[in-house]
Amino acid sequence: MADPITGNPILRLTRDTEAMKALGEESGWEPEAGSLKGVVVAYGCFLGERLVGCAALQVLDGHYFLEYVAVDSSMRNRGLGASLVAKIEEEARSRGLKELWAKARLPEFYEKLGYRVHSGTTHGLKSVEDCKSCSQYHRTCYPAIVVKPL
């Protein structure tokens, strides 16, 4: 349900990784085989039961990442993405993390939220090297590894 006063989407925990995956692919993620990997906790923005934004805290081989961030194209530029990222940062802090890393499709978005572009192309299990073979590379996706102190 949308907020009855503002009509804005409601941000809440979600476990519907299939809906997240569908939204992400509609938003430009490269299709990923199987389920979303390593999701520890995820938040969604909902209009009724419709997922219009999502983000997750992911753990892979002991490394935590901000991952699976997407906002429906009809709902962009309303602060949903920033709100979702803030919730994941809050979750990361609650787990004792001192910094949060992400593989960003659009680094400028993350830089506005206090992330900085990492000078390398790899961090832990995240790498932009595999992006170079994607049809979206440097067309709709300008990937970089980003990090933010928490």
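Along every chain, residues carry numbers that run from 1 in the direction the sequence is written. Confidence filtering applies because this is a predicted model: local features only for residues at pLDDT of at least 70, side-chain atom pairs given and counted only at 80 or more, and all residues used for totals across whole chains, interfaces and linings. For side-chain calculations, the full set of non-hydrogen atoms in the structure is used, while hydrogens and water are omitted.

Q: Would you mind going over the overall build of the protein chain in detail, with residue names and values included?
A: A run of H or I in DSSP becomes a helix once it reaches four residues, and a run of E becomes a strand once it reaches two; helices and strands are each numbered from the N terminus. Helix and strand counts for the protein chain come out as three helices and nine strands. Secondary structure elements of the protein chain, listed N to C terminal, follow the sequence β-α-β-β-β-α-β-α-β-β-β-β. Here the globule rule reads 2.2 Å times residues to the power 0.38, and the radius of gyration is calculated from C-alpha atoms. Expected size for 150 residues packed as a compact globule is a radius of gyration near 15 Å; at 15 Å, the protein chain falls within 12% of this value. Oriented by its inertia axes, the alpha-carbon framework of the protein chain measures out at about 45 × 35 × 30 Å. Within the protein chain, counting contacts between residues at least 6 apart in sequence, those at least 24 apart form 65% of the total. Looking at the protein chain as shown, the accessible area adds up to about 8100 Å², and 51% of this sits on carbon and sulfur atoms. The centroid of the 19 positive side-chain charges in the protein chain is displaced by 3 Å from the centroid of its 19 negative side-chain charges. Contact criterion: two residues are considered in contact whenever any of their non-hydrogen atoms come within 4.5 Å of each other. We get accessible surface area from the Shrake-Rupley algorithm with a probe of 1.4 Å; when it comes to residues, only the shown protein chains can shield them. Under the counting rule used here, the positive set is Lys and Arg, the negative set is Asp and Glu, and His together with the chain ends is not counted. Just so you know, the charge point we use is NZ for Lys, CZ for Arg, CG for Asp and CD for Glu.

Q: If you had to explain the pairing of strand 3 (residues 50-60) to someone new, which residues and values would you point to?
A: Each regular strand displays side chains that alternate between the two surfaces of the sheet. Across the 11 residues of strand 3, eight count as buried, placing the element largely inside the fold. Strand direction decides the pairing type here: strand 2 (residues 39-47) and strand 3, joined by eight bridges, are antiparallel. Its bridge partner lying in strand 3, Cys45 is registered against Gly53. The pairing criterion is simple: DSSP has to find at least two bridges between the two strands. As paired elements, strand 3 and strand 4 (residues 63-71) share seven bridges and run antiparallel to each other. Within strand 4, the position partnered with Gly53 by the bridge is Val71. Exposed residues in this analysis have more than 50% of their type's maximum accessible area, buried residues have under 20%, and partly exposed residues fall in between, with area computed by a 1.4 Å probe over protein chains only.

Q: Now, about the nonpolar core: what can you tell me, with residues and values included?
A: Residues belong to one nonpolar core when they are buried, are Ala, Val, Leu, Ile, Met, Phe, Trp, Tyr or Cys, and are joined through side-chain atoms within 4.5 Å. In terms of nonpolar packing, the biggest core is built from 22 residues, with Leu66, Ile88, Leu100, Tyr110 and Tyr115 touching the most fellow members. Of all the elements in the fold, those that place two or more residues in this core are strand 2, strand 3, strand 4, helix 2 (80-94) and strand 5 (99-104). For this core, the element with the most residues is helix 2, which contributes five residues. Those residues in contact with Leu66 that sit more than four places away from it in its chain are Ala55, Ala56, Val85, Ile88, Leu100, Trp101, Ala102, Tyr110 and Tyr115. Ranked by size, the runner-up nonpolar core spans 11 residues in total, among them Leu23, Leu51, Cys54 and Ala70.

Q: Tell me about the side chain of Glu91, and name the residues and values.
A: As for its placement among the helices and strands, Glu91 is situated in helix 2. With a relative accessible area of 16%, Glu91 lands in the buried category. Think of a polar contact as two N or O atoms within 3.5 Å of one another; within protein, one of them needs to be a possible hydrogen donor and the other a possible acceptor, and neighboring residues in sequence only count if both atoms come from side chains. A polar contact of 2.7 Å, which involves the side chain of Glu91, links it to the side chain of Tyr43. In this view, Glu91 contacts Val41, Tyr43 and Leu57; residues no more than four positions away in its chain are not counted.

Q: Which residues make up the pattern of salt bridges, and what values do they have?
A: Oppositely charged side chains may form a pair once their charged atoms are brought near each other. Whenever a carboxyl oxygen of Asp or Glu lies within 4 Å of a side-chain nitrogen of Lys or Arg, that contact is scored as a salt bridge. The final tally for this structure, using the stated rule, is nine salt bridges. Between Arg12 and Glu49 there is a salt bridge, and its shortest N-O distance comes to 3.7 Å. Of the two residues, Arg12 is situated in strand 1 (residues 10-13) and Glu49 in the loop between strand 2 and strand 3; the sequence distance between them amounts to 37 residues. We classify Arg12 as partly exposed; its relative accessible area is 33%. Where Glu89 meets Lys148, a salt bridge forms, and the shortest distance between an N and an O atom there is 3.1 Å. Of this pair, Glu89 sits in helix 2 while Lys148 sits in strand 9 (residues 144-149); the two residues are 59 residues apart in sequence, bridging distant segments of the chain. The exposure classification of Glu89 matches that of Lys148, with both residues buried. Within the structure, one salt-bridge network assembled from shared partners comprises Glu89, Arg93 and Lys148.

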